[in-house]
Amino acid sequence: MKAPEPNKDIEMRGALGGPRVLLRRLREVMAEPVSAQERLDKIVVLIAANMVAEVCSVYVLRVDGTLELYATEGLKREAVHQTVLKADEGLVGLVAREANPINLSDAQSHPAFSYRPETGEEIYHSFLGVPILRAGNTLGVLTVQNRARRTYTEEEEEALQTTAMVLAEMIASGELSSLAKPGAEPAARHAMHVTGTSLCDGIALGHVVLHEPRVVITNVIADDVPRELKRLDAAIATLREDLDRMVEHRDLADDGEHRDVLEAYRMFSYDQGWLHKIREAVSTGLTAEAGVERVQSDTRARMLRASDPYLRERLHDLDDLANRLMRVLSGKDHAPSKEQLPDNAIIVARSMGPAALLDYDRKKLRGLVLEEGGPTSHVSIVARALGIPTVGEIENATGLVEPGDAIIVDGSSGQVHMRPPPDIEASYAERVRLRARRQAQYRALRDRPCRTKDGQDITLMINAGLAIDLPHIEETGAAGIGLFRTELQFMVANAFPRTSEQLSLYRSVLDAAGKRPVTFRTLDIGGDKVVPYLRNIEEENPALGWRAIRLGLDRPGLLRSQVRAMLRAAGGRHLRIMFPMVAMVEEFDKAKALVEVELTHLRRHGHPLPERIEIGAMLEVPALLFQLDELLERVDFLSVGSNDLMQFLYAADRGNKRVAERFDPLSAPMLRALKDIVDRGRKHNKPVALCGELASQPIGALALAIVGYRTLSLAPSAVGPVKALLVELDVKKGEEAILPLLDRPAGSISIRHQIESFAAAEGLQL
Ligand code: PEP
Ligand code: MG
């Protein structure tokens, strides 16, 4: 077999003007009205000539994870579209995997070296390969090779990376898809499906809107490099001034962004290594924006592969800083304005504050995808209140999509489908129709009392915490608010809500509820409920730390002002106050005494007082299980917080995915505890409700009704499904089937299966 000829053009074109000349020539090629293949062919010829290389090849990453040779100058032409490398094959595979350049004067002695005979590459010794990156994702690999053992200079490596940006634009635009065989399309623009954490149930189909969008670069190649360098310097100066101002101005610094983060940004904006890299990229012939994006893309690629959390954090900060710099350069501000928001918008964000989410037009907002954000993050709290299907913890979500891409958010399974194929889209559209039909059935149940088949009345209330929750009372036909989480107002605010703001919220809650009762829970902050503007104290075990009523009793000023706001808001009306995380009866006594003090104060000042006040406690700490009689003598009511009770009963962090699902609340120990609480309440003639997530799951509500609960407080979206189930239940039959198992669980302590079998036998839909 005849070895391919070295490229003769090289000598003819001479030494070749460096990267700027190359980029200028590439721009001409990009503008030519030729086919995608012809364009690629011309590009590899140009690069090879410019770099005095005998070979230049482009490999494109396909959906199946392999790398296909799309164009070559120097290797055998027949190999184009025939040579397909496995993801871990050879040096090209290594470049793609590591998203890092490889520069070798003797490639064949590298342990990863392998060659494909059909390409004829065995005669080339030196090898330089760079990843084709976009937003940190590898789209392909660009290589040059020479026969002689030569070392490519750092400048050449840099130039090749710059050139790869042009190819990244071409691949991301979808232009190459026409060259692909079905099932082997470029990965960049293809359907993708990733799984994260479900933060809010529901399904949404729509189109991507990037929150704080990456600035889309329309011009990669600079006309005038010195001018681009000047623009870059000016933008860096502006960026620094902005950051200085934000750090100096406490008010502004508190406005959503944490001071420490800003301090870190400011420090990074002086990072010489980072700035030097951007300048260098621009010097090779890129526009200022493209220079920033090139370095940002490298940073992202490293971030995605870094396992050290400290390093990841730092890279994240640099990535954010690059976004800011890009916005300064392009003069483009944050999210699209309300008018620009498309219908069926699905917001994709790195992270987001709760206020930012509320800024979007609810009517057009369908779903939310976050790179960060756990279930207790503020933005997910607001998303749940708004009922927006949300999935979090999708790594590099913002880098995987382009604005306008079709996308499906499946909040029930935590899956996100990007650019879904038609069959997936059709099946989801069907599910959406089905859900809508079911919602209509639930609506039909709205005004029907929740009475079981054997005539037991079960009161269904909703959990709430923000003004945006209030319409849910009417929509669900709930009997009231069984848990109003007052800390949410504090968690979504940028600064401490004044007493007057608390008062006004509580008043509007009571107004919205009308005659229906509302149970206000006093502040439950600390632990996982972080309020950014309160100085957070480092604690080894925050869930077991200084939180909720502990904090309230130690800082009575805070609790008293809150209680005062509640008492005043409820002037002339019925008020129910509940204290969270009580662990000893004395704590309840102290908190109750504090309410008395406030009452006396208001009475003395002639304020109208509530017509009736009931004071209760949450039962979340197992120690209370052994003080039940004493507690029930004191309280007007109890509400079981099954989330925390479960966490403390099994010593399993409710927010830690590894352990949160390890233990089953539908297990004998938990159900015995729950039954004991409600039985004891009955003995003392004190109402006992349950307001944790357990009540919001149909199977949980079923178990609770069987062990004796007659008041449940649920997520608003759960009222329909739970009511539909309970009205079909014969509680007596449930007691007969399930209660004996609590005393003698067979095999596993979990009795979930038996509850499921009972439901199936009774024709109950879980
Ligand atoms: C609970 O712990 O079950 C509860 C309702 O309170 P929160 O989820 O707000 O801690
Ligand atoms: Mg709790």
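Look above for the structure.
Thresholds, definitions, all that
Residues numbered from 1 in each chain as written. Chains lettered and ligands numbered in written order. Predicted model: local features only at pLDDT ≥ 70, side-chain atom pairs only at ≥ 80, totals over all residues. Heavy atoms only, no water. Donors = N, O, S within 2.8 Å, 3.2 Å for Na, K, Ca; no water. Helix = DSSP H or I, 4+ residues; strand = E, 2+ residues; numbered from the N terminus. Buried < 20%, exposed > 50% of the residue type's maximum accessible area, 1.4 Å probe, protein only. Near = heavy atom within 4 Å. Polar contact = N/O pair within 3.5 Å; in protein donor to acceptor, adjacent residues only side chain to side chain. Areas by Shrake-Rupley, 256 points an atom, 1.4 Å probe, with all protein chains shown as cover. Nonpolar A, V, L, I, M, F, W, Y, C, P; charged D, E, K, R; others polar. Axes fitted to C-alpha atoms, helices over the stretch in contact; angles between N-to-C directions. Parallel < 35°, antiparallel > 145°, perpendicular 65-115°, else oblique. Left-handed = near helix turned anticlockwise from the far one by under 90°. Contact = heavy atoms within 4.5 Å. Pairing = 2+ DSSP bridges. Salt bridge = Lys/Arg side-chain N within 4 Å of Asp/Glu carboxyl O. Core = buried A, V, L, I, M, F, W, Y, C linked by side-chain atoms within 4.5 Å.

K.L.:
Help me understand the coordination of the magnesium ion (ligand 2) in this model?
P.N.:
Ideal values for angles at a metal depend on the geometry: 109.5 degrees with four tetrahedral donors, 90 or 180 degrees with six octahedral donors. Distances from the magnesium ion (ligand 2) to its protein donors, namely Glu620 (OE) and Asp644 (OD), fall within the range 2.0 Å. Here aspartate 644 lies in helix H23 (residues 642–649) and glutamate 620 lies in the loop between strand S19 (612–619) and helix H22 (628–634), a separation of 24 residues in the sequence. Accessibility assignment for this pair places glutamate 620 and aspartate 644 in one class, buried.

K.L.:
What exactly am I supposed to notice about the site of ligand 1 here?
P.N.:
The local shell around ligand 1 holds 14 residues, among which Arg485, Arg521, Lys529, Asn643 and Arg654 are the closest. Separating an oxygen atom of ligand 1 from a side-chain N or O atom of arginine 521 is a distance of 2.7 Å. With respect to ligand 1, the side chain of glutamate 620 contributes an N or O atom lying 2.9 Å from an oxygen atom. Taken by itself ligand 1 offers 280 Å² of open surface, and the protein chains cover 99% of this. Those elements that place two or more of their residues in the shell around ligand 1 are strand S16 (481–485) and H23. A total of 3 residues in the shell around ligand 1 trace back to one element, the largest contributor, which is H23. Looking at the shell around ligand 1 residue by residue, the class counts come to 3 nonpolar, 4 polar and 7 charged.

K.L.:
Whenever I open this one, the packing of helix H28 (residues 731–743) against helix H29 (residues 752–762) confuses me. Can you help?
P.N.:
To describe two helices that pack against each other, one gives the angle between their axes and the distance between the axes. Across the interface, H28 lies against H29 with an axial gap of 10 Å and an inter-helix angle of 165 degrees. Considering the angle they form, H28 stands roughly antiparallel to H29. Every pair of crossing elements has a handedness; the one defined by H28 and H29 is right-handed. Two secondary-structure elements touch here, H28 through Lys733, Gly734, Ala737, Ile738 and Leu741 and H29 through Gln754, Ile755, Phe758 and Glu762. When the residues that make up the contact of H28 with H29 are grouped by side-chain class, the tally is 5 nonpolar, 2 polar and 2 charged.

K.L.:
Hey, could you run me through the sheet that holds strand S14 (residues 415–418) in this one?
P.N.:
Sheets are built from strands paired through backbone hydrogen bonds, the pairs being either parallel or antiparallel. Strand order in the open sheet formed by 8 strands is S7-S14-S13-S9-S10-S11-S12-S8, and the pairing between neighbours is mixed. Single-partner strands in this sheet number two, and they are strand S7 (192–195) and strand S8 (197–200). Looking at each pair of strands side by side, their axes are set apart by 30 degrees on average, direction ignored. Across 4 bridges, strand S13 (residues 406–410) lies against S14 in antiparallel orientation. Across the sheet, the residue bridging to valine 409 is valine 416, located in S14. Docked against the sheet, helix H13 (residues 378–386) engages S8, strand S11 (365–370) and strand S12 (390–392), running at close to 55 degrees with respect to S8. In this fold helix H15 (residues 422–445) packs onto strand S9 (203–210), S13 and S14, with an angle of close to 120 degrees to the strand it touches most, S9.

K.L.:
Before we go on, may I ask you to explain the pattern of salt bridges in this structure?
P.N.:
Two side chains with opposite charge may pair up if their charged atoms get near one another. If you walk through the whole model with that rule in mind, you get 50 salt bridges. Here glutamate 598 makes a salt bridge to arginine 564, at a shortest N to O gap of 2.6 Å. Taken together, the positions of glutamate 598 in helix H21 (residues 585–604) and arginine 564 in helix H20 (residues 556–569) put the pair 34 residues apart, joining distant regions of the chain. Residue class for arginine 564 comes out partly exposed when judged on its relative accessible area of 26%. The salt bridge involving arginine 680 is made with aspartate 629; its shortest N-O contact spans 3.1 Å.

K.L.:
Teacher, can you tell me more about the nonpolar core here?
P.N.:
Membership of the largest hydrophobic core comes to 89 residues, with the highest contact counts inside it found for Leu638, Leu674, Ile677 and Tyr709. It is helix H26 (residues 698–707) that provides the largest number of residues to this core, a total of 8 residues. The residues contacting tyrosine 709, other than those within four sequence positions of it, are Ile458, Val640, Leu674, Ile677, Val678, Val688, Ala689, Leu690 and Leu704. Residues Leu142, Ala168, Val295 and Met326 belong to the second largest nonpolar core, which totals 65 residues.

Shape is all these values report; function is a separate question.
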